[in-house]
Amino acid sequence: MTGKTHLAIGAAIGAASAIYYSSDLGEMALFIGVAGFSALCADLDGPSMLTSKLTKLSKRIREFSLWGAVLYLILITYFFLSGKTISPIIAGGSFAAVLAGLVMKQGFVRNALVSIVGLYLIYHGFSHEQTWLMGLGLFVGWAPWLKHRGMTHTLWIIPFWGWIGWGLEQELGVTGLGVTAMLGYISHLVADTLTPSGVKWLYPLTKKSFKLRLK
Ligand SMILES: [Zn+2]
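Residues numbered from 1 in each chain as written. Predicted model: local features only at pLDDT ≥ 70, side-chain atom pairs only at ≥ 80, totals over all residues. Heavy atoms only, no water.

Participant: Where do I start with the overall build of the protein in this structure?
Facilitator: Helix and strand content of the protein: eight helices and zero strands. Mapped from its N terminus to its C terminus, the protein presents α and β elements in the order α-α-α-α-α-α-α-α. For a compact globule of 215 residues, the expected C-alpha radius of gyration is about 17 Å, and the protein comes in at 17 Å, within 12% of that figure. Taken along its principal axes, the extent of the C-alpha atoms in the protein is 55 × 40 × 35 Å. The buried share among the 215 residues of the protein stands at 44%. Across the protein, every contact between residues at least 6 apart in sequence was considered, and the portion connecting residues at least 24 apart equals 66%. (Helix = DSSP H or I, 4+ residues; strand = E, 2+ residues; numbered from the N terminus. Rg over C-alpha atoms; globule rule 2.2 N^0.38 Å. Buried < 20%, exposed > 50% of the residue type's maximum accessible area, 1.4 Å probe, protein only. Contact = heavy atoms within 4.5 Å.)

Pasting the structure below:
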């Protein structure tokens, strides 16, 4: 299942809950962003075997997203060290965009970048007493070093992700964001369950891979 497919499914879920929960345009965009982001995040884990056949163009895009992320982190560090403040919505949105780009990339540099973003989120969450953000940082910092379709693709991670989304919901005061984040994440696992290699929903209790065939 490609990043694009997961993103599309997540965005659709976000659009549905935006219509259900809100009529404000900015909030609706937020719902779509949160669900799309949640639907991608499970694949921040380690390398998959499925990327041997990449077209030249998609290789370029991946390269571009990697170096875009490097540049972005340098910029953020510069802003941070020089004491300038950035709007939290812009900072949060671009962090999410960087991570989304990195989902599609692999290798050590990518893993290290993802972990740096995670450490930054932990630091930021700690200094602003936002426990949920520290939780997100922990997930993001740890995920790239895990086996593909391992711990990030289990039943146990869903309440954890819901808790992160709920924290964001409290932070922004937008009802429904927590549920939407959780549904976005679940959509990823369900979509992967429909692929031939399936999902080890109960890992590490059992290594059995659950798959569903649509016929
Ligand atoms: Zn996946």
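Participant: Just checking my understanding: could you explain the packing of helix H4 (residues 88–103) against helix H5 (residues 108–127) for this structure?
Facilitator: Each pair of packed helices can be described by the angle between their axes along with the distance between the axes. Packing of H4 against H5 leaves a shortest axis separation of 10 Å and a crossing angle of 155 degrees. What the angle tells us is that H4 and H5 run roughly antiparallel. For the element pair H4 and H5, the recorded crossing hand is left-handed. Residues Phe-95, Leu-99, Leu-102 and Val-103 of H4 lie in contact with H5, whose contacting residues are Arg-110, Leu-113, Val-114, Val-117, Tyr-120 and Leu-121. Its residues assigned to classes, the contact of H4 with H5 shows nine nonpolar, no polar and one charged. (Axes fitted to C-alpha atoms, helices over the stretch in contact; angles between N-to-C directions. Parallel < 35°, antiparallel > 145°, perpendicular 65-115°, else oblique. Left-handed = near helix turned anticlockwise from the far one by under 90°. Nonpolar A, V, L, I, M, F, W, Y, C, P; charged D, E, K, R; others polar.)

Participant: Looking at this structure, how should I read the coordination of the zinc ion?
Facilitator: Six octahedral donors around a metal ideally make angles of 90 or 180 degrees; four tetrahedral donors ideally make 109.5 degrees. Here the zinc ion is held by Asp-43 (OD), His-153 (NE2), His-188 (NE2) and Asp-192 (OD), and the distances to it run 2.0 to 2.3 Å. Each of the four donor atoms bound to the zinc ion contributes to angles spanning 90 to 175 degrees, and the resulting shape is irregular. For the zinc ion, all donor residues lie on one chain, and their spacing in sequence is D-x109-H-x34-H-x3-D. Of this pair, His-188 and Asp-192 both sit in helix H8 (residues 177–193), separated by four residues, roughly a single helical turn. On the basis of relative accessibility, which here comes to 0%, the residue His-188 falls in the buried class. (Donors = N, O, S within 2.8 Å, 3.2 Å for Na, K, Ca; no water. Tetrahedral: all angles 85-135°; square planar, octahedral: opposite > 155°, others 65-115°.)

Participant: Help me understand H5, please; the structure alone is not making it clear to me.
Facilitator: In an α-helix, one turn spans 3.6 residues, which is why side chains three or four residues apart end up on the same side. With 20 residues, H5 extends 28 Å between its outermost C-alpha atoms, agreeing within 8% with the 28 Å of an ideal straight helix rising 1.5 Å per residue. Listed in full, the buried residues belonging to H5 are Arg-110, Asn-111, Leu-113, Val-114, Ser-115, Val-117, Gly-118, Leu-121 and Gly-125. Buried residues in H5 make contact with helix H3 (56–81), H4 and helix H6 (131–142). (Expected span 1.5 Å × (residues − 1).)

Participant: Mind showing me how you'd approach a nonpolar patch on the surface here?
Facilitator: A contiguous nonpolar patch, built from Tyr-20, Tyr-21, Val-179 and Leu-183 and spanning about 420 Å² of accessible area, is present on the exposed surface. At the level of secondary structure, the elements contributing two or more residues to the nonpolar patch comprise helix H1 (3–21) and H8. (Patch = residues over 30% accessible without salt bridge, like charges linked within 9 Å, V, L, I, M, F, W, Y side chains within 5 Å. Areas by Shrake-Rupley, 256 points an atom, 1.4 Å probe, with all protein chains shown as cover. Salt bridge = Lys/Arg side-chain N within 4 Å of Asp/Glu carboxyl O.)

Participant: Looking at this structure, I do not really get the environment of Ile-122. What am I missing?
Facilitator: Tracing the sequence through the fold places Ile-122 in helix H5. It is 25 Å that separates the C-alpha atoms of Ile-122 and Ala-29, two residues lying 93 residues apart in sequence. Those residues in contact with Ile-122 that sit more than four places away from it in its chain are Met-134, Gly-137 and Leu-138.

Participant: Can you walk me through the nonpolar core in this structure?
Facilitator: Proteins that are soluble and globular tend to have nonpolar side chains buried together. Counting 41 residues, the largest nonpolar core has Leu-44, Leu-136, Phe-139, Val-140, Trp-161 and Tyr-185 as its most contacted members. Elements that contribute at least two residues to this core include exactly helix H2 (25–41), H3, H4, H5, H6, helix H7 (157–172) and H8. Looking at this core, the element that brings in the most residues is H4, giving six residues. Split by domain, this core shows at least three residues from each of two domains, domain 1 (1–45 + 146–215) and domain 2 (54–145). (Core = buried A, V, L, I, M, F, W, Y, C linked by side-chain atoms within 4.5 Å. Domains from an automatic or database assignment.)

Participant: What should I look at first to understand the packing of H3 against H4 in this one?
Facilitator: With their axes 9 Å apart at the nearest point, H3 and H4 run at an angle of 150 degrees to one another. Note on packing geometry: the crossing formed by H3 with H4 is left-handed. Packed against H3, whose contacting residues are Ser-65, Leu-66, Ala-69, Tyr-72 and Leu-73, the element H4 presents Ala-91, Ser-94, Phe-95, Val-98, Gly-101 and Leu-102 at the interface. Looking at the contact of H3 with H4 residue by residue, the class counts come to eight nonpolar, three polar and no charged.

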